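The primary structure of each chain is shown beneath.
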Amino acid sequence: MSSATEQRRHKVLCAIVADYISSQEPVGSKALVDRHNLGVSSATIRNDMAVLESEGYIVQQHASSGRIPTEKGYQAFVDSIHDVKPLSKAERRAILAFLDQGVDLEDVLRRSVQLLSQLTRQAAVVQLPTLKVSRVRHCEVVELTPTRLLLVLITDTGRVDQRNVELGEQLAPEKVARLKDNLNRRLSGKTLAEASVAMADMAVDAPPDLRNASIRCATVLVETLVEAPSERLILSGASHLFPSGLPSVVEALEEQVVVLKLLSSAQNVGQVQVSIGDEELRGAAVVAAGYGATGATLGGMGVVGPNYMDYSGTMSKVSAVAQYVGRVLAGQ
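This one's a predicted model, so the numbers in the text were calculated from it and none came from an experiment.

### Looking at unusual backbone geometry
Here is step 1: For Gln-24, which is not glycine, the phi dihedral falls at a positive 55°.
Here is step 2: With respect to the helices and strands, Gln-24 occurs in the loop between helix H1 (3-23) and helix H2 (29-35).

Dropping the structure here:
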């Protein structure tokens, strides 16, 4: 078979997928001739459709009906989308402005899935970053009162933890400054596990005039550092799946394991990956991309919807939001 014939059949398949996504109605040969400038007769289109059906790309539900795409057909269509169309300047500004209002990492991620759900009218999910590779970037010490400090621990993955420390006695501003220097000298650049050990040592080695404050700060920070929540998802817009007849997909989202696996496979920041018809997500597709900061992928985010979703538009929105999340995190 000539490459020209193969290219024409691929155009026919893409036209069927596009029309079905638009209408959710089976697509017939006459409709393809009327709507698309394919440059061939209805008879040729019917022949191409017969071949595409025999190869498993489309299926005819009833003898007299048009065709609908199979999961194999959707995948072929998605694979042919080489360039993700950019969003408009207004859309980009709106995304960045909304995400930039986030007060910490989790708030930024929560905003990102709310935004994705609104933009795509689908369910959106984001994977919280794992903490195994996190390193402490800085510990800020804020004097709230002469006897109370606020410790703000910032990691290189953008995670921010805030804890209050009751000192039990007054601490002069110059001692607060020395305490901050001691904390950062021991914490900066260390993994969370290493930092936890360093805090235990600090409680032992602290100067006499800072010993009480050091012990109290170290105790609070150790509790923060050893906190290791299991991987979990933030979900928004699950109700969008019910009109599509996908309640089982909502159950899979709630169980998290399947979706975490798909999101974890999206390793490149902003680069979109599409999974259609996973065994436990029948009838659904996941459009995902990695997000991150400082050159590292922290996790995946994406959209879950029916396999007749608008792939091109969804891919562009997922890619854009993932990249803007990285920009916001890098600026924190």
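### A word on the sheet that holds strand E7 (residues 233-236)
Two strands in a sheet stick together by hydrogen bonds in their backbones, pointing the same way (parallel) or opposite ways (antiparallel).
Here is step 1: Within the open sheet, the 5 strands sit side by side as E7-E3-E10-E9-E8. Their pairing is antiparallel. In this open sheet, the two edge strands, each paired with only one partner strand, are E7 and strand E8 (272-276). Direction aside, neighbouring strands of the sheet carry axes that sit 20° apart on average.
Here is step 2: Bridge analysis of strand E9 (residues 284-293) against strand E10 (residues 296-306) gives 10 bridges, and the strand direction is antiparallel. From the neighbouring strand, Gly-292 faces E10, where its bridge partner is Thr-297.

### Section: the environment of Arg-211
Here is step 1: Position of Arg-211 among the secondary structure elements: in helix H9 (residues 211-225).
Here is step 2: A C-alpha to C-alpha distance of 9.7 Å links Arg-211 and Leu-179, two positions 32 residues apart in sequence.
Here is step 3: In this structure Arg-211 touches Val-204 and Ala-206, once residues within four positions along its chain are discounted.

### Things to note about the packing of aromatic side chains
Here is step 1: This structure, assessed with the given rule, holds 3 aromatic pairs.
Here is step 2: Here Tyr-74 and Tyr-311 contribute two aromatic rings whose centre-to-centre distance is 6.1 Å and whose plane-to-plane angle is 50°, an arrangement assigned as tilted. A residue pair is termed long-range when its members are at least 10 positions apart, and Tyr-74 in helix H4 (residues 71-79) and Tyr-311 in helix H12 (residues 311-330) qualify at 237 residues.
Here is step 3: Owing to a relative accessible area of 1%, Tyr-74 belongs among the buried residues under this scheme.
Here is step 4: Aromatic ring contacts, followed pair by pair, group Tyr-74, Phe-77 and Tyr-311 into a single cluster.
Here is step 5: When the ring centre of Tyr-57 is taken as origin, the NZ or CZ atom of Lys-72, which lies over that ring, is 4.5 Å away.

Conventions adopted
- Residues numbered from 1 in each chain as written.
- Predicted model: local features only at pLDDT ≥ 70, side-chain atom pairs only at ≥ 80, totals over all residues.
- Heavy atoms only, no water.
- Helix = DSSP H or I, 4+ residues; strand = E, 2+ residues; numbered from the N terminus.
- Pairing = 2+ DSSP bridges.
- Axes fitted to C-alpha atoms, helices over the stretch in contact; angles between N-to-C directions.
- Contact = heavy atoms within 4.5 Å.
- Phe/Tyr/Trp six-rings, centres within 6.5 Å; stacked < 30°, edge-to-face > 60°.
- Buried < 20%, exposed > 50% of the residue type's maximum accessible area, 1.4 Å probe, protein only.
- Lys NZ or Arg CZ within 6 Å of the ring centre and 35° of its normal.

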